[in-house]
Amino acid sequence: MKFLVINGPNLNLLGTRDPALYGNLTLEQIENTLRRRAARLKAELEFLQSNSEGTLIDFIQQKAPESSGIIINPGALTHYGYSLRDALADTGLPVVEVHLSNIYAREGWRAHSVMAAVARGQVSGLGWRGYLYALEFLVAQVSRRRRQ
Ligand code: DQA
């Protein structure tokens, strides 16, 4: 059971980027926490952060065939990244969209996600734990499907 954990533009700056909104943890710390939780859940994770939409799409196209689901924080691409949205939809995999901040409690343009319609669900505003909740959901989904 392998999942992709993808972070988009500017999320490489976590830790120093507006901590009041995005928290104090670096992306590496979040990824390490996820790795530990995944090991307990007997899941494997593969991570990518990129500031470029094309690199995110190449990774999704390459890795989706051997994956069971995708956790993605698309950064600002959330709001206008149609190519990324299509790439996610084309995988046919369950996708969980994660946002550290509550995108509905900020500027109006952030309240619209072009990813939401192709995601199974969204976690927004629960900080780094949102990634953990997304992982737990996907593991439960895939395990249930395997038991059926
Ligand atoms: C974000 C919210 C986006 O609006 C913003 O552009 C980000 C981070 C979040 O995690 O809260 O880069 O996805």
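In what follows, the structure referred to is the one given above.
Conventions used here
- Residues numbered from 1 in each chain as written.
- Predicted model: local features only at pLDDT ≥ 70, side-chain atom pairs only at ≥ 80, totals over all residues.
- Heavy atoms only, no water.
- Helix = DSSP H or I, 4+ residues; strand = E, 2+ residues; numbered from the N terminus.
- Rg over C-alpha atoms; globule rule 2.2 N^0.38 Å.
- Buried < 20%, exposed > 50% of the residue type's maximum accessible area, 1.4 Å probe, protein only.
- Core = buried A, V, L, I, M, F, W, Y, C linked by side-chain atoms within 4.5 Å.
- Contact = heavy atoms within 4.5 Å.
- Expected span 1.5 Å × (residues − 1).
- Near = heavy atom within 4 Å.
- Polar contact = N/O pair within 3.5 Å; in protein donor to acceptor, adjacent residues only side chain to side chain.
- Areas by Shrake-Rupley, 256 points an atom, 1.4 Å probe, with all protein chains shown as cover.
- 1 Å grid on protein atoms, 1.4 Å probe; cavity = no way out; pocket = protein on both sides within 12 Å on 5 of 7 lines; lining within 4 Å.
- Sits in = over half its atoms within 2 Å of the grid points.

Caption draft 1: Local environment of the overall build of the protein. In terms of helices and strands, the protein carries five helices and five strands. The order of helices and strands in the protein, counted from the N terminus, is β-α-α-β-α-β-α-β-β-α. Whereas a compact globule of 148 residues would reach a radius of gyration of roughly 15 Å, the protein reaches 14 Å, a difference of no more than 12%. The C-alpha extent of the protein, read off along each of the three principal axes, is 45 × 30 × 25 Å. Looking at the 148 residues of the protein, the share that counts as buried comes to 49%.

Caption draft 2: Geometry of the nonpolar core. The biggest cluster of nonpolar side chains holds 24 residues, and the ones touching the most others in it are Phe3, Leu34, Leu45, Ile71, Tyr131 and Leu135. At the level of secondary structure, the elements contributing two or more residues to this core comprise β1 (2–7), α2 (27–40), β2 (44–49), β4 (95–99) and α5 (129–147). Of all the elements, α5 adds the most residues to this core, at seven residues. In this structure tyrosine 131 touches Val5, Asn7, Ile30, Leu34, Ile71, Asn73, Val98 and Leu100, once residues within four positions along its chain are discounted. One finds Leu56, Ile60, Leu84 and Val118 within the second-largest nonpolar core, a separate group that totals 20 residues.

Caption draft 3: Focus on α5. With 19 residues, α5 should reach 27 Å at 1.5 Å per residue; the first-to-last C-alpha distance of 27 Å fits that figure. Along α5, the positions that sit buried rather than exposed are Gly130, Tyr131, Leu132, Ala134, Leu135, Leu138, Val139, Gln141 and Val142. Its buried side turned inward, α5 meets β1, α2, β2, β3 (69–73), β4 and β5 (121–124).

Caption draft 4: Summary view of the site of the ligand. Every residue close to the ligand is listed here: Arg17, Tyr22, Asn73, Gly75, Ala76, His79, His99, Leu100, Ser101, Ile103 and Arg110. In the environment of the ligand, an oxygen atom lies 3.2 Å from a nitrogen or oxygen atom belonging to the backbone of alanine 76. The side chain of histidine 79 places a nitrogen or oxygen atom 2.8 Å from an oxygen atom of the ligand. Considered on its own, the ligand offers 330 Å² of accessible surface; in the complex 99% of this is hidden by protein. Cavity membership is defined here by more than half of the atoms lying within 2 Å of grid points; on that basis the ligand lies in the largest cavity.

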